[in-house]
Amino acid sequence: GIIFVKVREGADMKAVEEEIRSLLRQRHRVQPGAEDTFTLRNLSELLAAREESSRIMALLLAAVASVSLLVGGIGIMNIMLVSVTERTLEIGLRMAVGARARDILAQFLIEAVTLALIGGLIGIVLGLGGSWLVAHLAEWPVDLRPDSIVLAVGFAAAVGVFFGFYPARKASRLLPIEALRYE
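All residue numbers refer to positions counted from 1 along the written sequence of the respective chain. Per-residue local features of the predicted model are confined to residues with pLDDT of at least 70, and side-chain atom pairs are confined, for both listing and counting, to 80 or more; whole-chain, interface and lining totals are unaffected and use all residues. Only hydrogens and water are set aside; all other atoms, that is, all heavy atoms of the structure, feed into the side-chain values.

1. Focus on the confidence of the model for the chain
A low pLDDT score tells you not to read the predicted coordinates there in detail. For the chain, per-residue confidence averages 89 on the pLDDT scale, and residues scoring 70 or more make up 100% of the total. For every residue, the predictor reports its confidence as pLDDT, a number between 0 and 100. Each helix is a run of H or I in the DSSP string that is no shorter than four residues. Each strand is a run of E no shorter than two, and both are numbered from the N terminus. Ranking the elements of the chain by mean pLDDT puts helix α6 (residues 176-181) last, at 86, and helix α3 (residues 88-96) first, at 93.

2. So, a nonpolar patch on the surface
Without a salt bridge and with relative accessible area above 30%, a residue can belong to a patch; like charges are then joined within 9 Å and nonpolar side chains (Val, Leu, Ile, Met, Phe, Trp, Tyr) within 5 Å. For the area figures, the Shrake-Rupley method with a 1.4 Å probe applies, and any residue is considered shielded solely by the protein chains shown. A side-chain nitrogen of Lys or Arg and a carboxyl oxygen of Asp or Glu constitute a salt bridge if their distance falls within 4 Å. A grouping of Ile-56, Met-57, Leu-60 and Leu-61 is seen on the molecular surface, where their side chains present a nonpolar patch of about 400 Å² in accessible area. Within the secondary structure, Leu-61 is located in helix α2 (residues 43-86). Each residue's exposure class comes from its accessible area (1.4 Å probe, protein chains only) as a fraction of the maximum for that residue type: buried when under 20%, exposed when over 50%, partly exposed otherwise. Judged by its relative accessible area of 54%, Leu-61 falls in the exposed class.

3. Some thoughts on the nonpolar core
Ile-76, Met-80, Val-84, Ile-91, Ile-104, Phe-108 and Ala-171 are the most contacted members of the largest nonpolar core, which has 15 residues in total. Of all the secondary-structure elements, those providing two or more residues to this core are α2, α3, α4 (101-138) and α5 (146-172). Sort the elements by how many residues they give to this core and α4 lands first, with five residues. Note on contacts: a residue pair is in contact if any heavy atoms of the two residues lie within 4.5 Å. Not counting residues up to four positions away in its chain, the partners in contact with Ile-91 are Val-84, Ile-104, Phe-108, Ala-171 and Leu-174. Side-chain atoms within 4.5 Å link the members of a nonpolar core, which is a set of buried Ala, Val, Leu, Ile, Met, Phe, Trp, Tyr and Cys residues.

Written out as structure tokens, the structure reads:
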């Protein structure tokens with residue numbers, strides 16, 4: 001049989017557990033030094049173990065997300081550097097007709113952030129779909145909060161700004177006459 005015991009708020013769980021163990025050993029007539037013929041489980045210990053495994057899972061997911069952000073950021077930087085190189089003549093023409101360096105910088109930063117946001121939104125859709133699938137197939141509870149989605153979008157934008165700044169600055173520092181000569 002199973003017996004559930006609820007302890008008053010603030011009671012010492014270890015002391016209560018030992019009292020129960022002593023009483024059960026007496027009632028089961030277990031000799032001193034012999035192994036228990038019953039099992040005691042403390043649910044607070046099980047909860048602590050579950051919380052620890054959840055914390056480890058969160059750390060692993062954070063590590064995977066960090067690597068993904070780094071790889072995505074490097075990809076954005078490469079795309080933007082190629083874009084600057086391919087559009088050097090366009091940049092030179094824009095500067096020749098009056099565009100300022102900050103206008104070019106803003107244009108390329110906006111493009112980098114847009115790329116990062118599109119990647120972030122695709123990641124969010126895949127994450128939501130994967131979470132739903134795991135929750136459905138494994139029957140695990142999944143907590144999808146709007147603030148985590150907003151945080152993900154914010155990180156995507158930050159990655160776009162961080163990794164897009166160098167190519168944007170490179171584009172904004174081109175000299176119009178040199179850019180117009182570029183082929």
